[in-house]
Amino acid sequence: MNTMKWLIKREFWEHKGAFVWTPLVIGAITFLLGAMAILNDHTTNPDEQIKNIAGVVMGMTAFPILVATYCVSLFYLAGTLYEERKNRSVLFWKSLPISDTATVLSKAATALIVAPALAYTIAIGFGFLLLMLFAVVHAFSGQLNVSLLFDDTGFLPISLFLLGSIPVYVLWALPTVGALLLVSAWARSSPLRWVVSLPLVLGVGVTWLNQSFGFTDNMAWYWRDIVSRGFMSNMPFSWFIFNSSISLASLKSPHGWENLFKLSSSWHQLATPNLWIGVAAGSAMIYAAIRIRRWKDEG
């Protein structure tokens, strides 16, 4: 346990700029843009609209931070095992009493737990600052009942929704994390090139074979369940994209967004086969990455 903790700290400090400063800079820019919009907003907001402000502010603050974290994780996972071989540092780490299993799992844990926890915390912090600015500006004009921003559909429930969804994210993101670690452990050059090109080339090939020999006319499953799921699983809350019960029409309903921001809407994914099939596939690929790292020392 102490070894794993130390390894995760190592990953954090080596990539602090990507996992901390990137979301902080994105969050600061988002905050400044939001603050300008709030300070220039002179409209009167009735109470029924105020109840939705917290969700809008938190969503607009969190979205660019989560997208940035998704991109950072892609580059981190694709390069982490490959770079060790390329700069030969893998030989140093293998000379220590640290197993390949612990090393690979520490990298997976950094992407699955550390990265989203930092991103959500930073998003919550900037969202809170924007809501407080909104409250101050409108309270002085007598337009706002501040308590509405912090009621049962306001800041605290949305913050709980973000942080409480991390366990679901850990499981849902496993296919992408496993695939990237596997490619990073195996590729002799440009892991991202293999990550992008391999599923696309396979997809084109399988589609051509199907059309040539008439096996099936429907290849949507491959692009949805293999390519899209493989590329997007480590995007926070991407499970809503693959959940057929979530639709644009449902979000337009009177309580659509409120229902979406309920913690149960994320935890419901634990009852779906899609998640557990992904867990099995991701775990298998992480195991394969461990085995490959065990014997592949050179980039």
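What you are looking at is a predicted structure, and each value in this text was computed from that prediction instead of being measured.

1. Overview of the nonpolar core
Argument step 1. The biggest cluster of nonpolar side chains holds 59 residues, and the ones touching the most others in it are Y120, L181 and F237.
Argument step 2. Broken down by secondary-structure element, the contributors of at least two residues to this core are α2 (16-39), α3 (47-86), α5 (100-140), α6 (155-164), α7 (166-172), α8 (174-186), α11 (239-242) and α15 (273-295).

2. Quick look at a nonpolar patch on the surface
Argument step 1. Nonpolar side chains collect at one region of the surface, where V25, I29, L33 and M36 lie side by side and expose about 390 Å² of accessible area between them.
Argument step 2. Secondary-structure assignment places M36 in helix α2.

3. Structural notes on the packing of aromatic side chains
Argument step 1. Evaluation of the coordinates by the stated rule reveals 10 aromatic pairs.
Argument step 2. Seen from their ring centres, F12 and W13 are 5.3 Å apart, and the 75° between their planes marks the pair as edge-to-face.
Argument step 3. Relative to F237, the ring of F161 has its centre 5.0 Å away and its plane inclined at 15°; by these criteria the two rings are stacked. Of the two residues, F161 is situated in helix α6 and F237 in the loop between α10 (220-232) and α11; the sequence distance between them amounts to 76 residues.
Argument step 4. Residue classification places F237 among the buried positions, given a relative accessible area of 13%.

4. A short note on helix α1 (residues 2-14)
Argument step 1. Helix length check: α1 (13 residues) gives 18 Å between terminal C-alpha atoms against 18 Å at 1.5 Å per residue, within 8%.
Argument step 2. What α1 keeps buried is the set L7, R10, E11 and F12.

5. Considering α8
Argument step 1. With 13 residues, α8 extends 18 Å from end C-alpha to end C-alpha; this agrees with the ideal 18 Å at 1.5 Å per step.
Argument step 2. The element α8 is largely enclosed, with a buried count of 10 among its 13 residues.
Argument step 3. All of the buried residues along α8 are L174, P175, T176, V177, G178, L180, L181, V183, S184 and A185.

6. Focus on the side chain of T61
Argument step 1. Within the secondary structure layout, T61 lies in helix α3.
Argument step 2. A distance of 2.7 Å separates the side chain of T61 from the backbone oxygen of V57, its partner in a polar contact.
Argument step 3. Aside from chain neighbours lying at most four places away, what touches T61 is T30, A123, F126, G127 and L130.

7. With respect to the environment of D225
Argument step 1. Mapping D225 onto the fold places it in helix α10.
Argument step 2. In this structure D225 comes out as partly exposed when scored by relative accessible area, which is 33%.

8. Some remarks on the confidence of the model for the protein chain
Argument step 1. Counting all residues, the mean pLDDT for the protein chain is 81, and 79% of those residues have values of 70 or more.
Argument step 2. No element of the protein chain has a lower mean pLDDT than helix α12 (residues 248-251), which averages 47, and none a higher one than α7, which averages 95.

9. Regarding the pattern of salt bridges
Argument step 1. With the rule as written, the count across this model stands at seven salt bridges.
Argument step 2. Across the salt bridge formed by R10 and E84, the nearest N and O atoms sit 3.0 Å from each other. Remark: E84 occurs in helix α3 and R10 occurs in helix α1; sequence separation between them is 74 residues.
Argument step 3. By relative accessible area, which is 10% here, R10 ends up buried.
Argument step 4. For E84, a relative accessible area of 4% translates into the label buried.

Scoring rules and cut-offs
Residue positions are given per chain, counted from 1 along the sequence in the order it is written. The predicted nature of this model means local features are confined to residues of pLDDT at least 70 and side-chain atom pairs, given and counted, to a pLDDT of 80 or more, with totals for whole chains, interfaces and linings taken over all residues. Excluded from the side-chain calculations are hydrogens and water; all other atoms, namely the structure's heavy atoms, are used. Put simply, a nonpolar core is a bunch of buried Ala, Val, Leu, Ile, Met, Phe, Trp, Tyr and Cys residues held in one set by side-chain atoms that sit within 4.5 Å of each other. Exposed residues in this analysis have more than 50% of their type's maximum accessible area, buried residues have under 20%, and partly exposed residues fall in between, with area computed by a 1.4 Å probe over protein chains only. Secondary structure elements are defined from DSSP: runs of H or I of at least 4 residues count as helices, runs of E of at least 2 residues count as strands, and each element is numbered from the N terminus. Within the patch definition used here, like charges are joined within 9 Å and nonpolar side chains (Val, Leu, Ile, Met, Phe, Trp, Tyr) within 5 Å, considering only residues with over 30% relative accessible area and no salt bridge. The Shrake-Rupley method, run with a 1.4 Å probe, gives the accessible areas here. Residue values count only the displayed protein chains as cover. Salt bridges are counted wherever a side-chain nitrogen of Lys or Arg sits within 4 Å of a carboxyl oxygen of Asp or Glu. Any pair of Phe, Tyr and Trp rings, taking the six-membered ring for Trp, is counted once the centres come within 6.5 Å. Such a pair is stacked with planes under 30 degrees apart, edge-to-face with planes over 60 apart, and tilted for the rest. Between the first and last residue of a helix there are one fewer steps than residues, each counted as 1.5 Å, and that sum is the expected span. The definition of a polar contact used here is a pair of N or O atoms within 3.5 Å, where within protein one atom must be able to donate a hydrogen and the other to accept one, and adjacent residues in sequence count solely through side-chain atom pairs. The contact criterion used throughout is that any non-hydrogen atoms of two residues lie within 4.5 Å. Each residue carries a pLDDT score, the predictor's confidence in it, ranging from 0 to 100.

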